[in-house]
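Survey of secondary and tertiary structure
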Amino acid sequence: MNEEADHKTPVLIVGGSLVGLSASLFLGRLGVRHTLVERHAGTSTHPRGRGNNVRTMELFRVAGVEPGIREAASVLSGNHGILQTPSLTGDEGRWLFQEIDPGGALARLSPSTWCLCSQNDLEPVLLERARALGGDLRFSTELMTFEPDSDGVTAVVRSRETGEHTTVRADYLVAADGPRSPVRESLGIGHSGPGELFHNVSVTFRSRGLADVVGDRRFVMCYLTGPDADGALLPVDNREHWVFHMPWHPERGETLEEFTDERCAEHIRRAVGVSGIDVEITGRAPWHAAERVALRYGAGRVLLAGDSAHEMSPTGAFGSNTGIQDAHNLAWKLAAVLGDWAGPGLLETYDAERRPVAQATAARASARSAEHKHPGYTPAPGAEGRGPQGGILAVAVGYRYPRGAVVGTDPRTPPVPGELRLTGEPGSRAPHMWLSRAGERISTLDLYERSPVLITGAGTAAGWYEAAGRVAEKLSVPLTPYRIGAGTDADLVPEDGADWARTHGTEPDGAVLVRPDGFVAWRSAGPVPDPEEVLRRAVSTVLALD
Ligand SMILES: Cc1cc2nc3c(=O)[nH]c(=O)nc-3n(C[C@H](O)[C@H](O)[C@H](O)COP(=O)(O)OP(=O)(O)OC[C@H]3O[C@@H](n4cnc5c(N)ncnc54)[C@H](O)[C@@H]3O)c2cc1C
């Protein structure tokens with residue numbers, strides 16, 4: 001490390017919004033020391049992104065913050081679905097969907113569910129937990145310059161309160177610095193994708209009368225499609241705080257200054273269809289819906305995560321979720337490389353895994369905006385059918401890594417498949433099953449966080465369990481084996497006699513290697529003559545130890 005640095009840290013995170021805070025939380029859980037700098041004085045004051053999808057909530061569950069988030073989100077826990085209507089006064093609207101999981105299929109696939117939690121409520125929960133885990137999080141602190149070299153990154157940060165400059169030496173820099181990412185720009189990394197799609201001004205307002213007009217229509221969002229005043233209405237507390245996304249057309253020369261309180265209030269009144277309703281504007285923030293994915297997710301020891309790596313249209317809430325999941329993918333790889341139990345090549349799999357997922361997800365987000373006729377969006381012909389067509393669960397939790405830290409995948413598999421299949425295939429999120437561990441009810445997903453895990457059948461003579469112990473010792477890798485089933489040597493017993501092997505696409509004397517992020521790295525359908533050698537090769541490949 002650079003001897004002249006004022007401060008040394010293994011990981012410097014730039015940006016303390018959803019993705020930076022998530023990166024801090026996940027690194028903290030893995031015991032990786034880090035420093036985060038955020039130029040703003042505190043967390044978001046605007047509701048911004050709100051839809052936390054099932055995969056994100058699984059990650060927050062394992063990280064121990066799911067209860068806190070659900071509590072912070074409790075005011076909207078009864079809101080579901082998207083309504084599309086010319087105004088709120090008539091009843092000619094239609095629900096684009098009313099339940100995210102109408103058949104209840106999700107409960108069989110996951111221990112978690114979607115959670116509507118506004119960013120201004122979510123970020124404080126992440127911040128508090130990240131700090132409790134020992135994270136060094138500095139607000140009102142801005143990255144000024146950074147200089148990567150082959151051993152690390154030297155950065156200069158400035159306190160916006162005191163003006164003091166500090167030189168920070170980090171092994172790695174994670175740029176969670178948003179869509180305009182100064183870090184990405186200075187690395188000269190360009191984008192793929194169509195670019196800007198449409199622009200909105202997100203207006204926060206108070207109205208006491210609106211709750212009566214909305215009545216029992218507890219939507220997550222309502223597209224108001226009246227011919228002279230359209231927009232999207234979002235409840236904040238179902239009582240008096242609301243958000244309204246107003247179309248903005250800078251391409252026609254419309255300026256932000258034109259969005260005066262009077263104009264915004266009048267637009268909202270016309271959109272909801274009640275001319276005399278009280279509307280008090282409390283804030284406004286412009287935002288740009290775009291479809292762009294960085295051409296590389298970093299350079300050397302600098303890695304991009306979240307909106308700095310990809311921008312997505314907000315329909316489907318894929319953007320922030322994809323970003324949080326980037327941070328999760330990156331955290332265990334940084335922990336493994338810094339902890340010396342993986343080779344630096346493991347970090348190269350971050351781009352190989354996450355970028356194709358972002359490209360497919362961003363295409364689906366744009367298509368959903370076209371299908372939902374998002375206010376302010378005039379899509380190009382054919383935009384509606386773009387991207388993977390497998391439904392929202394296939395995008396949210398069914399995506400996979402055909403290339404990366406995986407063995408035995410077909411690299412031609414699309415990153416977001418046409419149908420949801422969580423059957424233990426390498427590169428896919430490991431299946432969820434309820435288990436009993438020493439009397440405690442857990443999900444299989446709760447096993448995956450701090451180390452790679454090998455699961456194999458209890459009461460078999462295949463030798464995988466013993467092989468895992470020897471491989472862990474010889475490779476100095478924290479590999480945790482579990483025997484699963486009904487045998488007397490079982491560490492984990494599936495609930496209701498469920499068949500773990502079938503769920504994971506193996507025989508009872510097979511084995512499944514799961515990464516710390518809960519993705520299947522490799523599996524063997526049955527026994528092999530030399531399980532130690534076979535497992536050693538798989539683990540070495542996954543962790544880039546060859
Ligand atoms: C007004 C608005 C409304 C939105 N609404 C929705 C929505 O309805 N649904 C949805 O899914 N998404 C929405 N989004 C997008 C969503 O908020 C983002 O996808 C999400 O916040 C991505 O998080 P991020 O951490 O990657 O980037 P950002 O949230 O952009 O955060 C980047 C952070 O980096 C900090 N930063 C940048 N440069 C530096 C530097 N040099 N030094 C220190 N700090 C720096 C910034 O201050 C910022 O806090 C909205 C965004 C905005 C702005």
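Throughout this description, residue numbers start from 1 for each chain and increase along the sequence as written. The predicted nature of this model means local features are confined to residues of pLDDT at least 70 and side-chain atom pairs, given and counted, to a pLDDT of 80 or more, with totals for whole chains, interfaces and linings taken over all residues. To obtain the side-chain values, all non-hydrogen atoms of the structure were included, while hydrogens and water were left out.

Describing the overall build of the protein
Stated formally: Helix and strand definitions here come from DSSP, where helices need a minimum of 4 consecutive H or I residues and strands a minimum of 2 consecutive E residues; each element is numbered from the N-terminal end. To sort residues, take the accessible area from a 1.4 Å probe on protein chains only and compare it with the maximum for the residue type: under 20% means buried, over 50% means exposed, and anything in between is partly exposed. Two residues form a contact once any of their heavy atoms are found within 4.5 Å. Areas reported as accessible are Shrake-Rupley estimates using a 1.4 Å probe. Residue values count occlusion only from the protein chains shown. Charge convention: Lys and Arg are scored as positive, Asp and Glu as negative, and His as well as the terminal groups of each chain are ignored. To locate a charge, the coordinates of NZ of Lys, CZ of Arg, CG of Asp or CD of Glu are taken.
Along the backbone of the protein there are 14 helices and 25 strands. On the principal axes, the C-alpha backbone points of the protein span a range of 75 × 60 × 45 Å. Expressed as a percentage of the 546 residues in the protein, the buried residues total 57%. The long-range fraction of contacts in the protein, counting pairs at least 24 apart against all pairs at least 6 apart in sequence, stands at 69%. Carbon and sulfur atoms provide 49% of the accessible area of the protein, an area that totals close to 21500 Å². Averaged over its 55 positive side-chain charges, the protein has a centre that lies 2 Å from the centre of its 70 negative ones.

A look at the UniProt feature "domain: FAD-binding" (unreviewed entry) in the protein
As a reminder, the rule being used: UniProt positions are given in the numbering used here, feature names are shortened, and annotations may be inferred rather than shown by experiment.
As recorded in UniProt, the feature "domain: FAD-binding" (unreviewed entry) lies at residues 8–364. Each end of residues 8–364 is marked by a C-alpha atom, and these two atoms are 41 Å apart; helix forms 31% of the span and strand 31%.

As for the packing of helix α9 (residues 318–338) against helix α10 (residues 345–371)
Applied cut-off: For helices, the axis comes from a line fit to the C-alpha atoms of the stretch in contact; other axes are also lines fit to C-alpha atoms, and the angle between any two N-to-C directions lies between 0 and 180 degrees. With respect to orientation, any angle under 35 degrees is reported as roughly parallel, any angle over 145 as roughly antiparallel, any angle of 65 to 115 as roughly perpendicular, and every other angle as oblique. Three residue categories are used. Nonpolar comprises Ala, Val, Leu, Ile, Met, Phe, Trp, Tyr, Cys and Pro, charged comprises Asp, Glu, Lys and Arg, and polar comprises the others, including Gly.
At a minimum axis separation of 10 Å, α9 and α10 run at an interaxial angle of 175°. Relative to α10, α9 is oriented roughly antiparallel. The residues of α10 that touch α9, namely those facing F318, T322, Q325, D326, N329, L330, W332, K333, L334, A336 and V337, are L346, L347, T349, Y350, E353, R354, A358, T361, R364, A365 and R368. Grouping the constituent residues of the contact of α9 with α10 by class yields 11 nonpolar, five polar and six charged.

Looking at the sheet that holds strand β18 (residues 310–311)
This is how the line gets drawn: Paired strands are those between which DSSP finds at least two bridges.
Read from one edge of the open sheet, eight strands run β5-β4-β12-β13-β14-β11-β15-β18, paired in mixed fashion. Where the open sheet ends on each side, the last strands, each with one partner, are β5 (94–97) and β18. Across four bridges, strand β13 (residues 229–235) lies against strand β14 (residues 241–248) in antiparallel orientation. Residue A232 lies in a different strand from β14, and its bridge partner there is H245. Across the face of the sheet, α10 comes into contact with β5, β11 (191–206), β15 (280–294) and β18 while running at roughly 130° to β15.

Re the site of the ligand
Rules: The rule for a residue being near a molecule or strand is that one of its heavy atoms must lie within 4 Å of it. What qualifies as a polar contact is a pair of N or O atoms within 3.5 Å, subject to a donor-acceptor requirement within protein and to the restriction that residues adjacent in sequence count only when both atoms come from side chains.
In the vicinity of the ligand there are 27 residues, among which S17, E38, R48, Q119 and D307 approach most closely. The backbone of L143 places a nitrogen or oxygen atom 2.9 Å from a nitrogen atom of the ligand. For the ligand, whose free accessible area comes to 990 Å², the fraction covered by protein is 88%. Taken together, the elements giving at least two residues each to the shell around the ligand come down to α1 (18–29), β8 (141–148) and β15. In terms of residue count, the dominant contributor to the shell around the ligand is β8 (three residues). Class assignment for the residues of the shell around the ligand results in 12 nonpolar, nine polar and six charged.

Notes on the nonpolar core
Defined as follows: What makes a nonpolar core is a set of buried Ala, Val, Leu, Ile, Met, Phe, Trp, Tyr and Cys residues whose side-chain atoms join them at distances within 4.5 Å. Domains are outlined according to an automatic or database domain assignment.
Grouped together as the largest cluster of nonpolar side chains are 106 residues, with contacts concentrated most on F60, I69, L479 and L535. Here this core gets 10 residues from one element, more than from any other, and that element is α9. Formed jointly, this core draws a minimum of three residues from each of two domains, domain 1 (7–79 + 107–191 + 291–350) and domain 3 (434–542). Those residues in contact with I69, other than ones at most four positions away along the chain, are M57, F60, C115, C117, L122, V125 and L126. By size, the runner-up hydrophobic cluster in this structure holds 25 residues, among which are L88, V201, V203 and V214.

Considerations on the state of the cysteines
Selection rule: Here, the term disulfide refers to a pair of cysteine sulfur atoms separated by no more than 2.5 Å.
Scanning the entire structure with this criterion turns up zero disulfides. Just so you know, C115 is unpaired, no disulfide at all, and the nearest cysteine sulfur is the one on C117, 5.3 Å from it. Accessibility expressed as a relative area gives 6% for C115, which makes it buried. No disulfide involves C222; its sulfur sits 18 Å from that of C264, the nearest cysteine.

Here we look at helix α12 (residues 464–475)
For clarity, the threshold we go by: Here, expected helix span is obtained from the residue count minus one, scaled by 1.5 Å.
End to end, α12 covers 16 Å across 12 residues, agreeing with the expected 16 Å (1.5 Å per residue, within 8%). Where α12 is buried, its residues touch β21 (453–457), β22 (480–484), β24 (511–514), β25 (520–524) and α14 (531–542). Backbone geometry just downstream of α12 places S476 in the positive-phi region, at approximately 55°.

A few points about the environment of P411
Within the secondary structure, P411 is located in the loop between α11 (392–396) and β19 (434–437). For P411, a relative accessible area of 42% puts it in the partly exposed group. For the pair P411 and T141, spaced 270 residues apart in the sequence, the C-alpha separation amounts to 42 Å. Excluding residues within four positions of it along the chain, P411 makes contact with P402 and R403.

Points about the sheet that holds strand β23 (residues 493–494)
In spatial order, the strands read β20-β19-β23; together these three strands make up an open sheet with antiparallel pairing. Each having just a single partner strand, β20 (440–443) and β23 make up the two edges of the open sheet. Relative to β20, β19 is paired through four bridges, and the arrangement is antiparallel. In the strand pairing of β20, W434 is matched with S443.

Let's talk about the pattern of salt bridges
Using the following cut-off: What makes a salt bridge here is a side-chain nitrogen of Lys or Arg within 4 Å of a carboxyl oxygen of Asp or Glu, nothing more.
Counted by the stated rule, this structure contains 38 salt bridges. Here E311 makes a salt bridge to R180, at a shortest N to O gap of 3.9 Å. Placement of E311 in strand β18 and of R180 in the loop between β10 (165–175) and α6 (182–187) is noted, with a sequence separation of 131 residues between them. Note on E311: relative accessible area 5%, which makes it buried. The closest approach of N and O atoms between E353 and R515, which form a salt bridge, is 2.6 Å. Remark: R515 occurs in the loop between β24 and β25 and E353 occurs in helix α10; sequence separation between them is 162 residues. When sorted by exposure, E353 lands in the same class as R515, which is buried. A single salt-bridge network, built from bridges that share partners, covers R39, E142, R158 and R160.

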